[in-house]
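Coordinates in review
Chain residues, written in single-letter form:
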Amino acid sequence: MAQRLPLPLLLLGGAAALLALSNPGPEDFSHFAGEQLSERGIDEFCRDGVLPLMLQFVVKDCPRLFRSQRAALGDLALKLSQRRNYGLFSLYTTEVGSTGLLADLPMPGYRLDTLALAGQFIVLRAEPLR
């Protein structure tokens, strides 16, 4: 007669399998990051008096401009991120505005640590770079 596994072990194994299957991948992160960056961009740049006067003549609908660039912002965030995949979850570390293409823009540099778990993303830390 075959030995049956105890119920707690079966439940633990099932939970681990569900976490592994629902661990969001890079494409999911790109979509999440695009949403986050476009909304943060709107908060930072679309307030009165933030955009230089010359840009105000060109940019008529600042929020729409940022929202139309979600996919591009997500792709950029993915390129600037490092993923550590632990099977059941992943950790993404993203540095924006500190080096490379974005270093010359008048925006603060940020480091974000994001947990990807069970189909969700949770920003664990968002801090300015020094």
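Here the structure is a predicted model, which means the values were calculated and not measured.

For the rest of this paragraph, the subject is the packing of aromatic side chains. Taken as a whole and judged by the stated rule, the model has 6 aromatic pairs. A centroid spacing of 6.5 Å and a plane angle of 40° characterise the contact between phenylalanine 29 and phenylalanine 32, whose relative ring orientation is tilted. You can see phenylalanine 29 and its partner phenylalanine 32 sitting in helix 2 (residues 26-45), 3 residues apart, about one turn around the helix.

Once that is clear, we can look at the pattern of salt bridges. Inspection of every chain in the model, using the stated rule, returns 6 salt bridges. Residue arginine 125 is joined to aspartate 113 by a salt bridge in which the shortest nitrogen-to-oxygen separation is 2.5 Å. A residue pair is termed long-range when its members are at least 10 positions apart, and arginine 125 in strand 4 (residues 120-128) and aspartate 113 in strand 3 (residues 110-117) qualify at 12 residues. We note a salt bridge from glutamate 127 to arginine 125, for which the minimum N-O separation is 3.9 Å. A relative accessible area of 25% means that glutamate 127 is categorised as partly exposed. Classification of arginine 125 as partly exposed rests on a relative accessible area of 35%. One network of salt bridges, with partners in common, ties together Glu35, Glu39, Arg67 and Arg70.

The subject of this paragraph is the pairing of strand 4. Bridge count for strand 3 against strand 4 is 8 bridges, and the pairing is antiparallel. Bridge assignment links arginine 111 to a residue of strand 4, and that residue is glutamate 127.

Rules behind the numbers
- Residues numbered from 1 in each chain as written.
- Predicted model: local features only at pLDDT ≥ 70, side-chain atom pairs only at ≥ 80, totals over all residues.
- Heavy atoms only, no water.
- Phe/Tyr/Trp six-rings, centres within 6.5 Å; stacked < 30°, edge-to-face > 60°.
- Helix = DSSP H or I, 4+ residues; strand = E, 2+ residues; numbered from the N terminus.
- Salt bridge = Lys/Arg side-chain N within 4 Å of Asp/Glu carboxyl O.
- Buried < 20%, exposed > 50% of the residue type's maximum accessible area, 1.4 Å probe, protein only.
- Pairing = 2+ DSSP bridges.

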